[in-house]
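Summary of the model geometry
Here is how the chains run, residue by residue.
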Amino acid sequence: MTLRFPDIPDHEGFAAPVLPRGEPASSASAFTKTFIGYQAACSCGWTDRRRFPPTPEGVKEAEGRWWSMHAPALLAAAPPSWLVIKSNLLSEQIVKLAVERPLAALTLLSHVESWQRTLFDQAVTQAREAGASWAEVGEAMGISKQAAHERFSARVNT
């Protein structure tokens with residue numbers, strides 16, 4: 001079975017069959033060769049080291065490892081899909097507004113920019129208080145850890 005969560009696209013978990021020499025089996029070879037067990041794996045290339053028996057219970061245990069070992073970190077950094085949709089819609093509407101009423105779009109964008117700064121500070125503060133490193137903060141923002149530290153360290157209470 002493939003494990004999916006809507007908020008973490010491009011990641012599908014599964015129980016990967018393991019061949020006798022320890023390498024994961026491809027989907028084609030899993031049916032033609034004997035395998036010795038399962039391990040949790042993801043479509044992104046992540047695999048767990050722990051092996052489980054070649055039984056239906058082993059499949060369930062491997063799938064549970066994907067949910068418990070790989071998915072939580074992905075979910076922590078993934079915005080909810082419903083909010084991404086609303087954000088994209090807002091962006092599209094502002095683009096239309098800028099064409100029809102550019103001064104109104106500028107007024108709206110200045111409001112967005114003012115609360116955006118406050119929200120960034122709050123989110124970075126919460127992430128740091130929850131134990132996120134500057135590298136993780138930077139990665140979530142698409143910037144380097146140094147840039148994140150320089151930008152927020154003076155304003156963040158940690």
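Described below are features of the structure shown in this document. (Residues numbered from 1 in each chain as written. Predicted model: local features only at pLDDT ≥ 70, side-chain atom pairs only at ≥ 80, totals over all residues. Heavy atoms only, no water.)

**Some details on the overall build of the chain**
For the chain, the helix and strand inventory stands at 6 helices and 2 strands. The secondary structure elements of the chain, listed N-terminal to C-terminal, are β-α-β-α-α-α-α-α. The C-alpha atoms of the chain give 22 Å as radius of gyration, which overshoots the globular expectation for 158 residues (15 Å, by more than 25%). Principal axes of the C-alpha set define a box for the chain whose edges measure 70 × 40 × 20 Å. For the chain, restricting intrachain contacts to residue pairs at least 6 apart in sequence, the fraction spanning at least 24 positions comes to 41%. Accessible surface computed for the chain: about 10,800 Å², of which carbon and sulfur atoms make up 58%. Charge-centre separation for the chain: the mean point of 16 positive side chains lies 2 Å from the mean point of 16 negative side chains. (Helix = DSSP H or I, 4+ residues; strand = E, 2+ residues; numbered from the N terminus. Rg over C-alpha atoms; globule rule 2.2 N^0.38 Å. Contact = heavy atoms within 4.5 Å. Areas by Shrake-Rupley, 256 points an atom, 1.4 Å probe, with all protein chains shown as cover. Lys, Arg positive; Asp, Glu negative; His and termini not counted. Charge placed at Lys NZ, Arg CZ, Asp CG, Glu CD.)

**Quick word on the packing of helix 3 (residues 81-100) against helix 4 (residues 102-129)**
Where helix 3 meets helix 4, the closest approach of the two axes is 5 Å, and the angle between their N-to-C directions is 140°. If you check the angle between helix 3 and helix 4, you find them oblique. Of helix 4, the residues touching helix 3 (which contributes Ile94, Leu97, Ala98, Val99 and Glu100) are Pro102, Ala104, Ala105, Leu108 and Leu109. Within the contact of helix 3 with helix 4, the residues separate by chemical class into 9 nonpolar, no polar and 1 charged. (Axes fitted to C-alpha atoms, helices over the stretch in contact; angles between N-to-C directions. Parallel < 35°, antiparallel > 145°, perpendicular 65-115°, else oblique. Nonpolar A, V, L, I, M, F, W, Y, C, P; charged D, E, K, R; others polar.)

**Comments concerning a nonpolar patch on the surface**
Nonpolar side chains collect at one region of the surface, where Phe5, Trp67 and Leu75 lie side by side and expose about 230 Å² of accessible area between them. Of the residues examined, Leu75 reaches a relative accessible area of 30% and is grouped as partly exposed. (Patch = residues over 30% accessible without salt bridge, like charges linked within 9 Å, V, L, I, M, F, W, Y side chains within 5 Å. Salt bridge = Lys/Arg side-chain N within 4 Å of Asp/Glu carboxyl O. Buried < 20%, exposed > 50% of the residue type's maximum accessible area, 1.4 Å probe, protein only.)

**Here we look at the packing of aromatic side chains**
Here the structure, examined in full by the defined rule, presents 4 aromatic pairs. Pairing Trp66 with Trp67 gives two aromatic rings, centres 4.9 Å apart and planes at 80°, and the pair type is edge-to-face. (Phe/Tyr/Trp six-rings, centres within 6.5 Å; stacked < 30°, edge-to-face > 60°.)

**Section: helix 5 (residues 134-141)**
Of the residues making up helix 5, those classed as buried are Trp134, Val137 and Gly138. Projection of helix 5 onto a plane perpendicular to its axis shows the buried side chains occupying an angular sector of 95°, all on one side. Away from its buried face by more than 90 degrees, helix 5 exposes Glu139 and Ala140. Following helix 5 by one or two positions, Gly142 has its phi on the positive side, about 80°. (Arc of directions from axis to C-beta.)

**Re the packing of helix 5 against helix 6 (residues 145-152)**
Here helix 5 crosses helix 6 at 95°, and the two axes come no closer than 7 Å. One finds that helix 5 runs roughly perpendicular with respect to helix 6. Residue-level inspection shows Trp134, Ala135, Val137, Gly138 and Met141 of helix 5 in contact with helix 6, the latter providing Lys145, Ala148, His149, Arg151 and Phe152.

**Overview of the pairing of strand 2 (residues 37-42)**
The two faces of the sheet receive side chains in turn, since in a regular strand these alternate between them. Most of strand 2 sits out of view: 6 of its 6 residues are buried. In this sheet, strand 2 lies alongside strand 1 (residues 13-18) in antiparallel orientation, the contact comprising 6 bridges. Looking across to strand 2, one finds that Ala16 is bridged to Gln39. (Pairing = 2+ DSSP bridges.)

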